[in-house]
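Reading the structure
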Amino acid sequence: MTNPKIHGTVPFDPDGGLAALRGDCARMAPHWAAPAKVITAPVPPSLIHGVTVPATSARLVDAMSDYGD
């Protein structure tokens, strides 16, 4: 949320809201450094082996709907 002590000229909305969130993010964006892009090579299927799934996890995934609720 917008801190009224720091940004006194910005209208303060105690409930926040999307506009306040976007303003806060825009003010903070210059302070964040983006990490270097890491490009990984795909793993060939022949190297993927020995994967086991616990029965409880398999039942959970099987019970999920195909396209969400």
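Quick note: structure is the one above.
Here's what I pulled together on the structure shown here. (Residues numbered from 1 in each chain as written. Predicted model: local features only at pLDDT ≥ 70, side-chain atom pairs only at ≥ 80, totals over all residues. Heavy atoms only, no water.)

**Here we look at the overall build of the chain**
We count it as follows: Per the convention used, a helix needs a DSSP run of H or I reaching at least four residues, while a strand needs a run of E reaching at least two, with both numbered from the N terminus. Classification of residues uses two cut-offs on accessible area relative to the type maximum, computed with a 1.4 Å probe and protein chains only: under 20% is buried, over 50% is exposed, and between them is partly exposed. Only the protein chains shown count as cover for residues, and the accessible areas themselves come from Shrake-Rupley with a 1.4 Å probe.
From N to C terminus, the chain includes two helices and zero strands. For the chain, the proportion of its 69 residues judged to be buried stands at 6%. Working note: accessible area of the chain is about 6,700 Å², and carbon and sulfur atoms make up 64% of it.

**Considerations on the pattern of salt bridges**
To be explicit about the condition: By salt bridge we mean one thing: a side-chain nitrogen of Lys or Arg within 4 Å of a carboxyl oxygen of Asp or Glu.
Evaluated as defined, the whole model comprises one salt bridge. A salt bridge links aspartate 24 to arginine 27; the nearest nitrogen and oxygen atoms lie 2.5 Å apart. Of this pair, aspartate 24 and arginine 27 both sit in helix α1 (residues 18-28), three residues apart, which is roughly one turn of the helix. Residue class for aspartate 24 comes out buried when judged on its relative accessible area of 13%. Since its relative accessible area comes to 29%, arginine 27 is described here as partly exposed.

**Structural notes on a nonpolar patch on the surface**
Spelled out, the test is: Residues enter a patch when their relative accessible area is above 30% and they make no salt bridge; the linking distance is 9 Å between like charges and 5 Å between nonpolar side chains (Val, Leu, Ile, Met, Phe, Trp, Tyr).
The grouping of Val43, Leu47, Ile48, Val51 and Val53 at the surface amounts to a nonpolar patch, some 520 Å² of accessible area in total. For leucine 47, the location among the structural elements is in the loop between α1 and α2 (55-63). When its relative accessible area of 57% is taken as the criterion, leucine 47 is described as exposed.

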